[in-house]
Amino acid sequence: MPIPRGRSLLLTVVAAGVAAAASIAVIGTAEAATTLGASAAQTGRYYGAAVAAGRLGDATYTGILNREFNSVTAENEMKWDATEPAQGRFTYANGDRILNQGIAMGAKVRGHALLWHQQQPGWARSMSGAALRNAAINHVTQVATHYRGRIHSWDVVNEAFADGGSGARRDSNLQRTGNDWIEAAFRAARAADPGAKLCYNDYNTDGVNAKSTGIYNMVRDFKARGVPIDCVGFQSHLGTGISGDYQANLQRFADLGVDVQITELDVAQGGNQANIYATVTRACLAVARCTGITVWGIRDSDSWRTGENPLLFDNSGNRKAAYNSVLSALNAGGPTSPGPSPSSPGPSPSTPSGDGCTATVSLNAWNGGYVATVRVTAGATAVNGWAVGVTLPSGSAVTNVWGATSSGAGATMSFRNVDYNRQIAAGGSIEFGFQGTGAGPGSASSCRVG
Ligand code: 9MR
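Conventions we followed
- Residues numbered from 1 in each chain as written.
- Predicted model: local features only at pLDDT ≥ 70, side-chain atom pairs only at ≥ 80, totals over all residues.
- Heavy atoms only, no water.
- Helix = DSSP H or I, 4+ residues; strand = E, 2+ residues; numbered from the N terminus.
- Buried < 20%, exposed > 50% of the residue type's maximum accessible area, 1.4 Å probe, protein only.
- Polar contact = N/O pair within 3.5 Å; in protein donor to acceptor, adjacent residues only side chain to side chain.
- Contact = heavy atoms within 4.5 Å.
- Phe/Tyr/Trp six-rings, centres within 6.5 Å; stacked < 30°, edge-to-face > 60°.
- Lys NZ or Arg CZ within 6 Å of the ring centre and 35° of its normal.
- Core = buried A, V, L, I, M, F, W, Y, C linked by side-chain atoms within 4.5 Å.

Asker: Tell me about the side chain of Asp-230, residues and numbers included.
Answerer: Tracing the backbone shows Asp-230 in the loop between helix H10 (210-225) and strand E6 (231-234). A residue is classified by how much of its surface remains accessible, and Asp-230, at 14% relative accessible area, is buried. For Asp-230, the side chain forms a polar contact with the side chain of Arg-190, separated by 3.0 Å. Apart from residues lying up to four places away in sequence, Asp-230 is in contact with Arg-190, Ala-196, Lys-197, Leu-198, Val-258 and Asp-259.

Asker: How would you summarise the packing of aromatic side chains if you had to cite specific residues and measurements?
Answerer: Counted by the stated rule, this structure contains 14 aromatic pairs. Arranged with centres 5.6 Å apart and planes meeting at 85°, the rings of Tyr-92 and Tyr-147 form a pair that is edge-to-face. Here the residue Tyr-92 occupies a position in the loop between helix H5 (80-83) and helix H6 (93-105), and Tyr-147 occupies one in the loop between helix H8 (129-146) and strand E4 (153-158), the gap between them amounting to 55 residues. Assessed through its relative accessible area of 0%, Tyr-147 is described here as buried. Between Phe-186 and Phe-222, the aromatic rings sit 6.1 Å apart at their centres with planes inclined by 70°, giving edge-to-face as the arrangement. Here the residue Phe-186 occupies a position in helix H9 (residues 181-192), and Phe-222 occupies one in helix H10, the gap between them amounting to 36 residues. Comparing Phe-186 with Phe-222, the two get one shared label, buried. Here the aromatic residues Tyr-370, Trp-386, Phe-415, Phe-432 and Phe-434 are joined through ring pairs into a cluster of three or more. Here the basic side chain of Lys-211 rests over the ring of Tyr-203, its NZ or CZ set 3.6 Å away from the ring centre. Over the ring of Tyr-216 we find Arg-252; its NZ or CZ atom is 4.8 Å from the centre of that ring.

Asker: Now, about the nonpolar core: what can you tell me, with residues and values included?
Answerer: Counting 95 residues, the largest nonpolar core has Tyr-47, Phe-69 and Trp-154 as its most contacted members. Ranked by residue count, the leading element in this core is H9, at eight residues. The contact partners of Tyr-47, leaving out residues within four places of it in the chain, are Leu-36, Gly-37, Ala-40, Phe-69, Asn-70, Ser-71, Leu-265, Ile-293, Val-295, Leu-312, Val-326 and Leu-330. Of all hydrophobic cores here, the second largest spans 21 residues; its members include Tyr-370, Leu-392, Ile-424 and Ile-430.

By themselves, these observations are geometric and do not establish any function.
Next up, the structure:
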């Protein structure tokens, strides 16, 4: 991985024994001003791009990506049709290419998108009811588990609200499984990857309007009821103008206690493209909880908006006027964004007392299925191998398990450690989980060491 120029300079300065903090800061600022990622990082933010795995072999494309950006989003490769083309058969090769590109760059990786009414595999499009709900939650669990610990933010649910004046949910096969499908997805994502920020992402939300207000009300309700949501993504596919209350809209969401992110920015070239890009940048910088901006592609020729030239680099990879306006706006600065908030704690571990272990089950249940997260906590002595027994109500069946192996069927299931979570330090805990159909287990469970 190339060392960012700012960092190597800083090391040189320190090695030379120049201890004056002011001069280090000045050098850092001057260096940071030359790329989008480094200038955004000055206020604790990221500047990212949507990346297509198929373009990573293009040296111009990858050169700009490596130089300018400190966050990547998979443009298509982590979507449902890409990651689960046949039910229960998961394919991560292209998603992993983007993840590894991000890791190699030292960049954040945004996950996009776990559930969406579009780009569903054919098998899911023809499903409905409890079967679809179970398949969707299993998808969330499996994909978020595969990428666990490596995703900065997940778009857990994408574009679930209708356009127009209703402020209501969009009709879709997912919506028809019950209005609680969104919260079920967020709970499953939290259980699978407690370290990722969980976002709701949508378009046509670039000001205070009926659609953004519908989403605002959902987020407020989720926060009030403890549904795990950390961020809202504003796609910001913009035309030739921008709403005067763009910033105020970001701020009202931030005031609910979530981060906001600009997730898919592109702006039609026909109007005042450079100014609109600068306005969006300044709006994000002015909102302390606006943690980063992602543009939806690199060069105009990479964009889904064919013919609109909506990005920051032209077809040859040259910086456009819009690029310069973004860079200047980033360098003008703004309040520092808050650092990563700790992920919400799972069920509180029992106080260690005596030897042995305890297990607590927390449940994310819906009509016809559930995801159970089991926290295993060691007592005053470290544990080397454990087994947990769980009693299931009649009619319930476990369909998949992660972080443990299972045995038994029917009423009593036994779960044993796998290699990586065999050992638990004294007082420490680990989690495993399982998904099932029917009603979920109660909280009672047994735990034994060995
Ligand atoms: O940029 C994506 C394009 O390559 C795909 O063909 C398209 C398929 O629906 O999805 C595009 O990305 C969309 C994103 O996933 C969600 N918000 C709207 C984006 C543009 O359509």
